[in-house]
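Structural description and commentary
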Amino acid sequence: MEIKGSVALVTGGGNGIGEAVVKHLAKAGAKVAVVDMVQKNIDRVVKDIKAMGGEAVGIQANVTSEADTARYIKGTLEAFGQLNIAVSCAGIIRDGTMLSLDKETGKVSKKLGLDKWQAVIDTNLTGTFLTMRDAAEAMVNGGWPGLLVPISSVNKVGQVGQINYSSAKVADALMPKIIVGEFLMRGIRNIRCVAIAPGYTATPMLTGMNQDALKAILEDVHLGRLVAPEEIASLISYCVENEALNATTIEITGGLCYPRGIAK
Amino acid sequence: MPSLLYNDMQFSVDPSGDRWDITYNLPNGTSALAAAGLFPGLAEADAAIRALALVKTIFPVGIKSVGPDVTHPNRIGDLKIVGPDVTHPNFIYWDKDSVSSPKTL
Ligand SMILES: NC(=O)c1ccc[n+]([C@@H]2O[C@H](COP(=O)([O-])OP(=O)(O)OC[C@H]3O[C@@H](n4cnc5c(N)ncnc54)[C@H](O)[C@@H]3O)[C@@H](O)[C@H]2O)c1
């Protein structure tokens with residue numbers, strides 16, 4: 001599929017990886033809908049895209065809301081008349097171990113709160129599902145070729161301290177198989193689905209992480225640095241253009257390894 | 001350069017080459033670009049009609065009942081605990097009389 005002239009919707013497009021994806025696609029000639037919860041970030045990104053000579057609409061919304069999802073799909077269609085690419089970058093972390101133990105007694109002193117579990121599942125899993133579902137609905141009904149891109153994470157393998165996040169991301173990574181299988185069954189041949197599983201990437205999300213843990217993790221990255229958001233954006237552009245990529249999850253980690261060299 | 005008033009929100013639709021930009025003019029005197037480079041080749045009147053439909057979708061407002069958020073209950077066993085629904089992004093506090101529907105006593 002050609003990027004030039006296509007229409008892309010990116011949730012979480014106001015920051016980090018989403019912002020890089022929006023700008024990369026706009027630079028390549030796509031019309032873009034920037035969906036985010038933070039209005040001032042949307043405003044900044046839409047302004048930047050105008051300065052690049054691109055076409056953009058900003059829509060403030062919460063991806064966990066079904067009504068908001070319907071609204072940003074409708075807004076994208078009203079602005080540009082079609083939809084071809086949907087990237088679900090909106091995501092959050094609320095890290096913590098499931099149990100914390102009292103050092104002296106060895107008994108459980110704290111449990112991971114349901115609020116932390118639910119917020120991450122709502123945003124990272126339900127939000128992705130709603131965007132993929134409603135974007136696919138628009139593409140099928142409009143008869144437009146399309147690419148659906150859930151954003152997973154390399155921590156889909158299971159990261160201690162991220163039971164909520166890893167559970168959501170492993171489910172996001174499964175979506176391409178299920179969605180494309182369903183499309184095949186239904187005779188929908190012109191819409192693909194490829195998930196991206198980034199490794200540790202230089203975005204504001206990482207500022208919320210334990211910085212000592214991050215430093216230790218970087219020692220296990222073969223590349224020796226964080227992945228740049230633009231590198232993920234260029235991979236997504238490649239996925240748009242290469243139609244053989246389908247029903248799979250692609251990791252982009254810089255070579256993140258477990259300690260002692262076992263690739264994650 | 002058509003100006004749109006919708007639910008007390010002021011927008012302008014400005015030409016940019018053969019396309020149109022939509023700017024949201026905020027009450028505090030600042031502005032934000034709501035959309036850039038839309039509706040190629042459309043005449044001003046048609047662009048204004050399309051722009052109005054778009055801002056009505058992007059900025060939904062109206063009477064918002066702030067009640068329990070039944071779609072996101074916290075579950076503890078069989079118990080569903082629902083919090084208040086106060087998360088609407090465009091919730092408007094009507095602290096002044098409406099311009100489009102002024103109060104008539
Ligand atoms: N940064 C990393 O190292 C990394 C690694 C693997 C996967 N990821 C995934 O990539 C995606 C983007 O991460 P990032 O690092 O760019 O994060 P980020 O915090 O920089 O940006 C996330 C954006 O999503 C928006 N957002 C959050 N909740 C939302 C909601 N409910 N509705 C609408 N918008 C919402 C935020 O406002 C923000 O603009 C996430 O899904 C994240 O899990 C990130």
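Look up a bit, the structure's there.
Residues numbered from 1 in each chain as written. Chains lettered and ligands numbered in written order. Predicted model: local features only at pLDDT ≥ 70, side-chain atom pairs only at ≥ 80, totals over all residues. Heavy atoms only, no water.

1. Regarding the overall build of chain B
We count it as follows: Secondary structure follows DSSP: runs of H or I at least 4 residues long count as helices, runs of E at least 2 residues long count as strands, and numbering of each begins at the N terminus. Exposure categories follow from relative accessible area, calculated using a 1.4 Å probe and restricted to protein chains: below 20% of the type maximum is buried, above 50% is exposed, and the middle band is partly exposed. Under the convention used here, a 1.4 Å probe and the Shrake-Rupley method define accessible areas, while residue burial counts only the protein chains that appear.
When helices and strands are counted, chain B shows one helix and six strands. Reading the helices (α) and strands (β) of chain B from amino to carboxyl end gives β-β-β-β-α-β-β. Here chain B, with 105 residues, has 33% of them falling under the buried criterion. Accessible surface computed for chain B: about 6500 Å², of which carbon and sulfur atoms make up 58%.

2. A short note on helix α5 (residues 163–186) of chain A
All names here are of chain A. As a reminder, the rule being used: For a helix, the expected span equals 1.5 Å multiplied by the number of residues minus one. One axis fitted to the seven residues ending at a residue, another fitted to the seven starting there: the angle between these axes is the bend at that residue. Contacts are residue-level and defined by heavy atoms, with any inter-residue pair within 4.5 Å sufficient.
Here α5 spans 34 Å end to end across 24 residues, near enough to the 34 Å set by a 1.5 Å rise per residue. Considering bend angle alone, the principal kink of α5 is centred on Leu-174 and spans about 35 degrees; proline Pro-176 follows within four residues of it. For α5, the complete set of buried residues consists of Asn-164, Tyr-165, Ser-166, Ala-168, Lys-169, Asp-172, Ala-173, Met-175, Pro-176, Ile-179, Val-180 and Phe-183. Check the buried side of α5 and you find it contacts α4 (114–142), β7 (146–150), β8 (191–198) and β9 (248–252). One or two positions beyond α5, positive phi appears at Gly-187, with a value near 75 degrees.

3. Quick look at the site of the ligand
Residues and elements named next belong to chain A. Condition: The rule for a residue being near a molecule or strand is that one of its heavy atoms must lie within 4 Å of it. Side-chain atoms alone can form a polar contact between residues adjacent in sequence; in general such a contact is a pair of N or O atoms within 3.5 Å, and within protein one must be able to donate a hydrogen while the other accepts it. Under this grouping Gly is polar, as are all residues other than the nonpolar Ala, Val, Leu, Ile, Met, Phe, Trp, Tyr, Cys and Pro and the charged Asp, Glu, Lys and Arg.
Neighbouring the ligand are 28 residues, the closest being Ile-17, Asp-36, Tyr-165, Thr-201 and Thr-203. Asn-62 is positioned such that a nitrogen or oxygen atom in its side chain is 2.9 Å from a nitrogen atom of the ligand. The contact in question runs from an oxygen atom of the ligand to an N or O atom on the side chain of Thr-203, over 2.4 Å. In isolation the ligand offers 830 Å² of accessible surface; the protein chains occlude 93% of this area. Of all the secondary structure elements, the ones that give two or more residues to the shell around the ligand are α1 (16–27) and α5. Here the shell around the ligand is composed, by residue class, of 15 nonpolar, eleven polar and two charged.

4. Describing a nonpolar patch on the surface
Test applied: For patch building, the residue pool is restricted to those with more than 30% relative accessible area and no salt bridge; the joining distance is 9 Å between like charges and 5 Å between nonpolar side chains (Val, Leu, Ile, Met, Phe, Trp, Tyr). Any Lys or Arg side-chain nitrogen found within 4 Å of a carboxyl oxygen on Asp or Glu counts as a salt bridge.
A cluster of nonpolar side chains, namely Met98(A), Leu99(A), Leu101(A), Val108(A) and Ile163(A), defines an oily patch on the protein surface of about 440 Å² accessible area. Its location among the elements puts Met98(A) in the loop between β4 (85–88) and β5 (99–101).

5. Re the interface of chain B and chain A
Many structure descriptions define interface size as the accessible area lost when the parts assemble. The following threshold applies: Two strands pair if DSSP finds at least two bridges between them.
Taken together, the 23 residues of chain B in the interface contact 22 residues of chain A. For the pair chain B and chain A, the interface holds two salt bridges. Applying the counting criterion to the chain B and chain A interface returns eight residue pairs in polar contact (both at pLDDT 80 or more). Here the element with the most residues in the side of chain B that touches chain A is strand β4 (residues 31–38) of chain B; it accounts for seven residues. Partitioning the side of chain B that touches chain A into residue classes produces 13 nonpolar, six polar and four charged. Bridge analysis of strand β3 (residues 55–60) of chain A against β4(B) gives two bridges, and the strand direction is antiparallel. Note that in β4(B) the partner of Val57(A) across the bridge is Ala35(B).

6. Examining the sheet that holds β9(A)
Note the cut-off: Axis definition: a line fitted to C-alpha atoms, over the contacting stretch in the case of helices. Angles run 0 to 180 degrees between N-to-C directions.
Spatial ordering of the open sheet is given by β9(A)-β8(A)-β7(A)-β4(A)-β1(A)-β2(A)-β3(A)-β4(B)-β3(B)-β2(B)-β1(B), a layout of eleven strands whose pairing is mixed. Among the strands making up the open sheet, the edge pair consists of β9 of chain A together with β1 (3–6) of chain B. This sheet shows a mean twist of 20 degrees between the axes of neighbouring strands, independent of strand direction. Of the strand pairs in this sheet, strand β2 (residues 9–16) of chain B and strand β3 (residues 19–25) of chain B are connected by seven bridges, and their pairing is antiparallel.

7. Section: the pattern of salt bridges
Residue and element names in this part refer to chain A. Throughout the structure, instances matching the rule amount to twelve salt bridges over all chains. Across the salt bridge formed by Arg-133 and Asp-134, the nearest N and O atoms sit 2.9 Å from each other. It is possible to trace a salt-bridge network through shared partners that takes in Glu-19, Lys-23, Arg-44 and Asp-48.

8. Some details on helix α7 (residues 229–241) of chain A
Residues and elements named next belong to chain A. With 13 residues, α7 extends 19 Å from end C-alpha to end C-alpha; this agrees with the ideal 18 Å at 1.5 Å per step. For α7, the complete set of buried residues consists of Pro-229, Ile-232, Ala-233, Leu-235, Ile-236, Ser-237, Cys-239 and Val-240. Looking at the packing, one finds that the buried side of α7 touches α1, β4, β7, β8 and β9.

9. Let's talk about the packing of helix α3 (residues 66–80) of chain A against helix α1 (residues 44–58) of chain B
Just so we agree on the cut-off: With respect to orientation, any angle under 35 degrees is reported as roughly parallel, any angle over 145 as roughly antiparallel, any angle of 65 to 115 as roughly perpendicular, and every other angle as oblique. Two helices crossing with the near one rotated counterclockwise from the far one by less than a right angle form a left-handed crossing, whereas a clockwise rotation gives a right-handed crossing.
With their axes 9 Å apart at the nearest point, α3(A) and α1(B) run at an angle of 165 degrees to one another. Relative to α1(B), the element α3(A) is oriented roughly antiparallel. In the crossing of α3(A) with α1(B), the sense of the turn from one axis to the other is left-handed. Across from Arg71(A), Lys74(A), Gly75(A), Glu78(A) and Ala79(A) in α3(A), the residues of α1(B) making contact are Arg50(B), Ala53(B), Leu54(B), Thr57(B) and Ile58(B). Grouping the constituent residues of the contact of α3(A) with α1(B) by class yields four nonpolar, two polar and four charged.

10. A word on the packing of α1(A) against helix α2 (residues 39–51) of chain A
All names here are of chain A. Running from N to C, α1 and α2 point in directions that differ by 20 degrees, and their axes come no closer than 10 Å. In terms of axis orientation, α1 runs roughly parallel to α2. Helix-helix and strand crossings are classified by hand; for α1 and α2 the assignment is right-handed. Between α1, through Glu-19, Val-22, Lys-23 and Ala-26, and α2, the contact on the second element is made entirely by Arg-44, Val-45, Asp-48 and Ile-49.

Remember that the coordinates give geometry; whether it matters functionally is a separate question.
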